[in-house]
Amino acid sequence: MPAAEAPAPTAPRCNCRAVEFLESSIGKKIMVALAGLFLCVFLLTHLAGNLILFLGGPAFDRYAQMLESNPLLPLAEGGLVVLFLIHIALAVRARLANMAARPVAYQVYKGKDARTPGSSTMALTGTLVLVFIIIHVATIKFQVGGAKGPDLFGHVTGWFHNPLYAGFYVVALIGVGLHLSHGVQSAFQTLGLNHPRYTPMIKALGAAFAILIALGFLSIPVYFGFIVHAPATPPNGAAMPSGPIGGAQ
Ligand code: HEM
């Protein structure tokens, strides 16, 4: 009598809860919210560091050297890249899934303040911020397209002598503010902080944070681009070209 046939091997089923969580729409939203809130912490520390530009070249370059000599910097930079990738990739996937589920936008009256300039432009401002980050990191960190000055202060402020570059920063930073004005309060709601008593407070704090970040960053291109062209401060005191489009004025 022939032996009973062994059952054909079946493909291993993934019981991984983490994958199921990330595939679910709420899982994606939670990850976008968490990554976004961590990125807000980066923005706050990045703003605090960059405001040292107003204290002049030596102070800013001391700060930059202190950062660069920190052995944890590569770890922090790697973490930042991962946070940006999670935030962007999952936000795009959630938006596409949303559009596929509801191909024709329908109008529901949600009250007079349901839609805000921030909430109705999230995809647009998100794309603008992405383009900004690519140009910003390429020009300021990797120094593409501009002469590498002997100091970071001269390099950063020199770029703002270019009115097109400074103007692009102004537009992009308004985009950052709009994105945050909806993103922060929306992230807290996604994480469950949704209560008639606390929601107005969270909305106000989100708006205040967005204004603080936008105005704080905007002060830099506006001041160094359109008000004062800071003289470059090479360590040896010699004159140096102060930016990609010409000398200090
Ligand atoms: C006027 C506004 C800003 C100024 C002056 C500024 C300045 C700088 C400087 C000096 C660096 C370090 C370059 C180096 O390591 O050599 C940097 C890096 C960076 N900035 Fe900004 N920044 C501004 C706004 C922003 C904003 C709004 C964002 C995000 C939306 C941002 C994202 C980044 C990122 C991701 C890096 C790379 C971090 C790293 O890998 O070390 N920056 N920026």
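Structural notes, computed from the coordinates. (Residues numbered from 1 in each chain as written. Predicted model: local features only at pLDDT ≥ 70, side-chain atom pairs only at ≥ 80, totals over all residues.)

Considerations on helix 8 (residues 199-227)
Next up, step 1: Between its first and last C-alpha, helix 8 extends 40 Å over 29 residues, near the 42 Å set by a 1.5 Å rise per residue.
Next up, step 2: Regarding helix 8, the residues found buried are G206, A210, I213, A214, F217, I220, P221, F224 and G225.
Next up, step 3: At its buried positions, helix 8 is contacted by helix 2 (25-50), helix 6 (152-159) and helix 7 (163-190). (Helix = DSSP H or I, 4+ residues; strand = E, 2+ residues; numbered from the N terminus. Expected span 1.5 Å × (residues − 1). Buried ≥ 20, exposed ≤ 12 C-beta atoms within 10 Å, placed from the backbone. Contact = placed C-beta atoms within 7 Å.)

Some thoughts on the site of the ligand
Next up, step 1: Around the ligand, the structure places 17 residues, and the nearest of them are N50, E77, K141, F217 and I220.
Next up, step 2: Those elements that provide at least two residues to the shell around the ligand are helix 2, helix 4 (73-101), helix 5 (122-141), helix 6, helix 7 and helix 8.
Next up, step 3: With six residues, helix 5 is the largest single contributor of residues to the shell around the ligand.
Next up, step 4: A class-by-class count of the residues in the shell around the ligand yields twelve nonpolar, three polar and two charged. (Near = placed C-beta within 6 Å. Nonpolar A, V, L, I, M, F, W, Y, C, P; charged D, E, K, R; others polar.)

A word on the nonpolar core
Next up, step 1: A172, L173, V176, I213, A214 and F217 are the most contacted members of the largest nonpolar core, which has 28 residues in total.
Next up, step 2: Secondary-structure elements contributing two or more residues to this core are helix 2, helix 5, helix 6, helix 7 and helix 8.
Next up, step 3: In contact with V176, other than residues within four places in its own chain, are V129, I213, A214 and F217. (Core = buried A, V, L, I, M, F, W, Y, C linked by C-beta atoms within 7 Å.)

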